[in-house]
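Descriptive analysis of the structure
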Amino acid sequence: MDLTTAGSAATATVSTTASASADAPLKVAVILASNREGRFAPVVADWFLARTDGHPAVVTDLIDVAGLDLPTVHSYRPAPEAQAGLAAVASRLAAADAFVVITPEYNHSYPAPLKNLIDWHHVEWQAKPVAFVSYGGVSGGLRAVEHLRQVFAELHAVSIRDTVSFHNAGAQFDDEGRHRDPAGPDAAAKTLIDLLVWWGRALRDAKKVRPYGG
């Protein structure tokens, strides 16, 4: 093999490796934002995860705020037991390429446990896309989403424009958690996932070339 042939083979190997890396499934942390007693959140989460199950471009990790027990008093030196819990969730957020926040609307905004989770972390959110699935009454949780866009912008995250929202959510699902009229929500979920994958891959690839320094 001459040098030209060897160089071409090496270039082909590098290109194939880069392509495989670029096509690797996106690690998506799905954050369940409510810890309210009797919450409707698991119904919406199960519905959404059924749409990502088996998706070739996505692998998910469900992070439920109700199971985190994060400290509510912020400190630069948390107690050892608090540090362990914070480290565990921080590693899961850091490993994610993208996020989907499933949130209700409480009093015109989003739940306090979600804000607590967000505020305990910083670099874990940076230069990653965030999509929103919301539910509620007449507004469908969209006012919570609009507040979250501002928060995530401050954290250098990129919010996805298109959302999935369920207005009067309790009436839209049957007792088995199935949506009564799935065509519209299914189409919205597909759009959301497609956009999340595009942004997630684009930002993941960009950070390999030039680490984010925001």
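In what follows, the structure referred to is the one given above.
I will try to describe carefully the structure that is included in this document.

Definitions and limits used
- Residues numbered from 1 in each chain as written.
- Predicted model: local features only at pLDDT ≥ 70, side-chain atom pairs only at ≥ 80, totals over all residues.
- Heavy atoms only, no water.
- Axes fitted to C-alpha atoms, helices over the stretch in contact; angles between N-to-C directions.
- Helix = DSSP H or I, 4+ residues; strand = E, 2+ residues; numbered from the N terminus.
- Parallel < 35°, antiparallel > 145°, perpendicular 65-115°, else oblique.
- Left-handed = near helix turned anticlockwise from the far one by under 90°.
- Contact = heavy atoms within 4.5 Å.
- Nonpolar A, V, L, I, M, F, W, Y, C, P; charged D, E, K, R; others polar.
- Buried < 20%, exposed > 50% of the residue type's maximum accessible area, 1.4 Å probe, protein only.

Turning our eyes to something else, we now look at the packing of helix H2 (residues 41–52) against helix H7 (residues 183–209). Between H2 and H7, the shortest axis-to-axis distance is 11 Å and the interhelical angle comes to 60 degrees. On the basis of the axis angle, H2 is oblique to H7. Read as a crossing pair, H2 and H7 show a hand that is right-handed. Counting all contacts with H2, which are made through Trp47, Phe48, Arg51 and Thr52, the residues of H7 involved are Pro185, Asp186, Ala189, Leu192 and Ile193. Considered class by class, the residues forming the contact of H2 with H7 number six nonpolar, one polar and two charged.

A few words on the environment of Asp194. Examined against the element boundaries, Asp194 turns out to sit in helix H7. A relative accessible area of 36% places Asp194 in the partly exposed class. Along the sequence, Asp194 and Phe48 sit 146 residues apart, while their C-alpha atoms lie 14 Å from each other.

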